[in-house]
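Secondary and tertiary structure notes
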Amino acid sequence: MGKIWAIARNTIAQAMRMKIAAAVIVLLLILLPMMSMIMIGDGTLLGKLQTFSSYGLSLVGLLLSILTIAVSTFTLSDELKRQQIFLVVTKPVRRWQIIMGKFLGVVVLDIILLIFFSGVIYGLTVSVPRLLEVADDEKAIADDQFFTAREGIKVALDIQAAAERARERFKKLKEEKGRDWPPLKMAEKTGIEERMTEIEVLSIFVQEEMVREQSVEPGRGRVWDFKDIRPWSEPNTMVFVRFKLDSSVAPPDGVIYGLWSVGNLPAYQRGDGSLTTPIYNVERNSPTRTSQEFFVPADAVTQDNFLGVGFVNNPNLNPSSVTIQELEVLYKVGTFGGNFVRAALLMLVRLVFLAALGIALTTWLSFPVAVLVCLVIFSAGLVNGFIVDSIDGLGAGIGQAYMFTVKPLLMLLPRFDDNYNPAGYVVSGRIIRWLFLLKAAGETIGIKSLLLLVLGMLVFRRREVAKSSV
Amino acid sequence: MRWKDYGIILSAIMIAVAMLTLASWQQGGIRTDRDKMGLSLKTDLGDAPPSLAFATVAMGAFRGLIVDILWIRADDLKQKGQFFDAKQLADWITLLQPRFPQVWDFQSWNMAYNISVAIPNTQPAERWRWVRNGYELLRDKAIPLNPHSIILYRQLSWIFIHKIGDISDDCHMYYKTEIASAMQLLLGDQTNANFENLAAAPLALEVLLSDAEVAKFIEALKLADPAFLSSDKWVENYLSLRQTPDRFTKEASQVLELYRDNPALGKIDTFARAYQMRHVWKMDIAFMQKMNAMYGPVRFEDPNHRDPLNWQHPAVHAMYWSAKGLEVAGKPETYRVDEKNTDRIIFHSLQMLYRSGKTLLYTSKDGRKDLFLRPDLRMFTSCDQTWKKMIEKYEQLEHGNPKAVRGGHKNFLENAVMTFYQSGHLKEALEIYKELITLYSKDEQGFEIADYKLPMMDFLKKQMKDEFSSLGIRDAVEMVNGMLKESYFRYAIYDDNESAAREKMAQEVYMFYQKEHNDETYRVGLPTIDLLRYTAFMDFLNDPLYPEQMRMGMLGRMQAERPDLFEKIKKQEQQFFEELRKEQEKQNTEQSGESPS
């Protein structure tokens, strides 16, 4: 361990002498405070905090990632190029210990810089409300929606029930239509009418049933149950309802009018005297296809952690059915500080992977090539989710081909976007669960990084260090 | 190196130079072709601020990529309902694509429409901020950078007339109140003389300093409060001092008091207000005067005299920007879609002003501001003249059949006759009727319209009969109640002529309805006019839409100035409660009579 640590210390010292390290540190030291002052977002305290934390964390993540790539690829390749490695390999140090030492050095450097700059962002973020003269209600909104860690419970669509209903419908129509079933469609390639396949019809029916699960017709209402809601037992705690609305016929003003009810709605409907918590009614006119949130006091949640959310489609104002998508209830389960630490750890997972990648690649590639490959993989990691979703959205034929070729390769690559981007959690005040963090660390560090390091060690073990590489 | 190598190097250099020269000769032709095909943007950065010049030049080929990333982020955040970054992204996108008007158009629309409605209507101030962000982006940045792009002027006008001026947004009254408050502060009494003074006000504070008294005053203010040392914010601070002196030192208020009767104060007031109009609201005061002269309301007593437009109303701002756009960027000879749409905004603005152009900004003692809008019949002439011009343009430039437009004009004149009559302007009503029967004496098939052969009063009676004959008792009662309530409102704001006109109209409608429905059932069902007066009175007193101070003021005024009417209403109240008590007793007796015991 002593040998590994000695190499690690040497690597840290080497990295600190690099101009890029100095440039990154100076850049962040200048930019972060400047950003906290000049970024105003939408002018509200919440907007300012969200903008600063979003850009601040992204900037720190980006610059530290670039630094990690540069340092991890440079440290070994430079020693190989300048033949300084001879001084090390001639000592009783194993090749794998050199790799581990380099890796450890880069990771320790990352940890130090991450702690420092995360601390800077955290300090600036919590100072902003104190330094600005803002109204109390703006501070309250910032406390509820930013300086918090909220858990979200989404509506679980009963896919099986929807599929069952679709099958029933299909069976019934088949019996009714007889020879005129399945229906006809225009074939894409030939332009001739042909019968749809049973699978095609069933999948359409299932989709329709799924939409029906989320739709509310004019003049009707629907209630969704949310169980296991455990908001913090602080006074004035709020519970948030998040949703996105769409309608079958686009309203001319792009707005959907409706009445939301939140509380123990089943007890209210039964009217048997079991209602002990308040019901809150919220009238909202919301734009279509845009996520929205509103909040009600947490005393709407019952003792057994149940909450009902209902929506009534106002027939006088909405001429068509309304689909409620992405319905979710959010409630506070943790503190901002704790969540911020987890966000920093999530960022560290990314940096550890990049460190392992850089070190592993330089065991067999030269510095420029290794940097290029690292940057490509890093960029792919930033858009991994987008590419995977795009493949899922491809048509049947070509999608199947990609499913078995490109998609498995993408699974090997890291994921740095969507749920793996810590900035998103901090901005929206959502909790990063320890379990998720462990899962991300397990996948990225435990499997992918370890695999890379092992490969690197194997290559380096067999590599002739005296031979120059081009 | 051998001579052969030198020869090769020299040849290579000469070939390279020749190729470069050949390439540069092609530039002129390529640029011309690009302009012809509309592929090039005007990228003259001579007058652009340094940040803009840097952003557009330094980015080089990456500018397009960065713009794409920003657009994707903006759309992604919008999908997630996160708008904290929307303004910043709009600023950056427009910084990188400043000469692309559609970018400014989209971003301003996104802020004013999409983002503002995402804020709950219980937060009107927050919503207003986004609407302002939208129109300020166009007014303050887009138009100065793209002064010849008519779509920007159109979008700016549209935000004023539709988002702010119309009623589709739940918070529209808040927006209107904000505009009215701001304009009241800057324009005060909207008279032609006031506008003359504003137009004549110097463009810079330094020019004003040539007046010795003004210079002394400014010096005294600087000594009184350090806030006035900065020349950048001098005007802003001065206007703030005039409005809320408590924000500044006592010495500053004392200086104001000292110069209260000094003409220097008036000069500075005028300068400050003109400065704000020019630099903050970006409005050309001379052009505003031109608009006043072209479209201002006409006095009934002097038809040759036009008063200034009511700049507290958002429709006037819509007209201003539309007209400005047409003047600066329009091509009237081609009459493109953009010119047509901008033209129409002027037309719709005038209609809006006719229907609701009179504003009353009522400030209660607790600081609450309420805005009331009422028809401004003086705008009839401008509306009518513009309508006729529209018909003419339609015929000459579009070579179309203006049937629909003429039909609209005819209906407008018909309604105007009734409106003017109901408001007590008989002479004007008659003139409009004469115009109506002159222009539209025949229908589309060429037959004479029988109704237009009637004298005006008979025509009006027939109109009323057609309108009221389909009304049930309830609707009739509501109509009369509404007119009486309006009459009390007008009385509360000391608009006595209109108040009397409304009351008279209510009585006429009541009597007309009573006469037309001579049926026993209707006569029994229709309440007495005194009872209707009472219910309307109580409706007004209990209506929270009107500030409490206004309602109590009306009550007090009525007690003092119209004690006979007040007594009548009190008597009616007693009668009403007496009848109610009798009715209740009757019901109780019937119920006790039906009980098993």
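See the structure shown above.
Just so it is clear, the model here is predicted, and its values are computed rather than measured.

Here's the deal with the interface of chain A and chain B
Listed as interface residues are 22 residues of chain A and, on the opposing side, 23 residues of chain B. Carbon and sulfur atoms make up 45% of the area that chain A and chain B hide from each other, which totals about 1700 Å². For the interface between chain A and chain B, the tally reads 4 residue pairs in polar contact (both at pLDDT 80 or more). The leading source of residues in the side of chain A that touches chain B is helix α3 (residues 45-81) of chain A, at 5 residues.

Comments concerning the environment of Trp-434 of chain A
Residues and elements named next belong to chain A. With respect to the helices and strands, Trp-434 occurs in helix α16 (residues 434-462). Since its relative accessible area comes to 49%, Trp-434 is described here as partly exposed. With 95 residues separating them in the primary sequence, Trp-434 and Asn-339 have C-alpha atoms 9.6 Å apart. Once you skip the residues sitting within four places of it in the chain, Trp-434 turns out to touch Arg-342 and Leu-345.

Focus on the packing of α3 of chain A against helix α11 (residues 367-382) of chain A
Residue and element names in this part refer to chain A. Interhelical geometry of α3 versus α11 gives an angle of 150° and a closest axis separation of 9 Å. When the axis of α3 is compared with that of α11, the two are roughly antiparallel. Crossing handedness for the pair α3 and α11: right-handed. For the pair α3 and α11, contact is made by Leu-62, Ser-65, Ile-69, Ala-70, Thr-73, Phe-74 and Ser-77 and by Phe-367, Ala-370, Val-371, Cys-374, Leu-375 and Phe-378, respectively. Its residues assigned to classes, the contact of α3 with α11 comprises 10 nonpolar, 3 polar and no charged.

Digging into the nonpolar core
Grouped together as the largest cluster of nonpolar side chains are 147 residues, with contacts concentrated most on Phe-217, Tyr-238 and Trp-311 of chain B. For Trp-311 of chain B, the residues in contact, after removing those within four places along its chain, are Met-183, Leu-187, Gln-190, Phe-195, Met-283, Met-288, Met-291, Asn-292, Val-316, His-317 and Tyr-320 of chain B. Counting residues in hydrophobic clusters, the runner-up holds 72 residues, among them Ala-21, Val-24 and Tyr-425 of chain A together with Leu-89 of chain B.

Focus on the pairing of strand β10 (residues 307-313) of chain A
Residues and elements named next belong to chain A. Here β10 lies mainly inside the structure; 6 of its 7 residues are buried. Pairing of strand β7 (residues 255-263) with β10, which is carried by 6 bridges, proceeds in the antiparallel orientation. Paired with Gly-263 across the strands is Gly-308, a residue of β10.

What to know about unusual backbone geometry
A positive phi angle is found at Glu-326 of chain A, which is not glycine, with a value near 50°. Relative to the helices and strands, Glu-326 of chain A is located in strand β11 (residues 322-334). Residue Glu-326 of chain A is classed as partly exposed on the basis of its relative accessible area, which comes to 44%. Residues other than glycine seldom take positive phi values, yet Tyr-494 of chain B does so here, at roughly 65°. For Tyr-494 of chain B, the position within the fold is in the loop between α22 (473-492) and α23 (496-516). Taking the relative accessible area as the measure of exposure, Tyr-494 of chain B reaches 57% and is therefore exposed.

Remarks on the environment of Ile-4 of chain A
Residue and element names in this part refer to chain A. Within the fold, Ile-4 resides in helix α1 (residues 2-17). Measuring from C-alpha to C-alpha, the distance between Ile-4 and Tyr-257 comes to 65 Å, with 253 residues separating the pair along the chain. Setting aside anything within four residues of it in sequence, one finds Ile-4 in contact with Trp-96, Gln-97, Met-100, Gly-101 and Leu-104.

Some words on the pattern of salt bridges
Tallied over the entire structure, the rule returns 56 salt bridges over all chains. A salt bridge links Glu-326 of chain A to Lys-244 of chain A, with the shortest nitrogen-to-oxygen separation between them at 3.7 Å. Placement of Glu-326 of chain A in strand β11 and of Lys-244 of chain A in strand β6 (residues 238-247) is noted, with a sequence separation of 82 residues between them. Between Arg-533 of chain B and Glu-503 of chain B there is a salt bridge, with its nearest N and O atoms 3.3 Å apart. Of this pair, Arg-533 of chain B sits in helix α25 (residues 529-542) while Glu-503 of chain B sits in helix α23; the two residues are 30 residues apart in sequence, bridging distant segments of the chain. Accessibility classification places Arg-533 of chain B together with Glu-503 of chain B in one group, the buried group. Beyond isolated ion pairs, a larger network of salt bridges with shared partners links Arg-165, Arg-169, Glu-208, Glu-209, Arg-212 and Glu-213 of chain A.

So, the pairing of strand β2 (residues 369-374) of chain B
Residues and elements named next belong to chain B. Buried residues dominate β2, accounting for 5 of its 6 residues. The pairing of strand β1 (residues 358-363) with β2 spans 6 bridges and is antiparallel. Bridging across to β2, Lys-358 finds its partner in Arg-374. What sits between the antiparallel neighbours β1 and β2 is a turn of 5 residues, in which Gly-367 has the positive phi angle 90°.

What counts and how
- Residues numbered from 1 in each chain as written.
- Chains lettered and ligands numbered in written order.
- Predicted model: local features only at pLDDT ≥ 70, side-chain atom pairs only at ≥ 80, totals over all residues.
- Heavy atoms only, no water.
- Contact = heavy atoms within 4.5 Å.
- Buried area = accessible area lost by both parts, 1.4 Å probe.
- Polar contact = N/O pair within 3.5 Å; in protein donor to acceptor, adjacent residues only side chain to side chain.
- Helix = DSSP H or I, 4+ residues; strand = E, 2+ residues; numbered from the N terminus.
- Buried < 20%, exposed > 50% of the residue type's maximum accessible area, 1.4 Å probe, protein only.
- Axes fitted to C-alpha atoms, helices over the stretch in contact; angles between N-to-C directions.
- Parallel < 35°, antiparallel > 145°, perpendicular 65-115°, else oblique.
- Left-handed = near helix turned anticlockwise from the far one by under 90°.
- Nonpolar A, V, L, I, M, F, W, Y, C, P; charged D, E, K, R; others polar.
- Core = buried A, V, L, I, M, F, W, Y, C linked by side-chain atoms within 4.5 Å.
- Pairing = 2+ DSSP bridges.
- Salt bridge = Lys/Arg side-chain N within 4 Å of Asp/Glu carboxyl O.

Keep in mind these numbers describe shape, not what the thing actually does.
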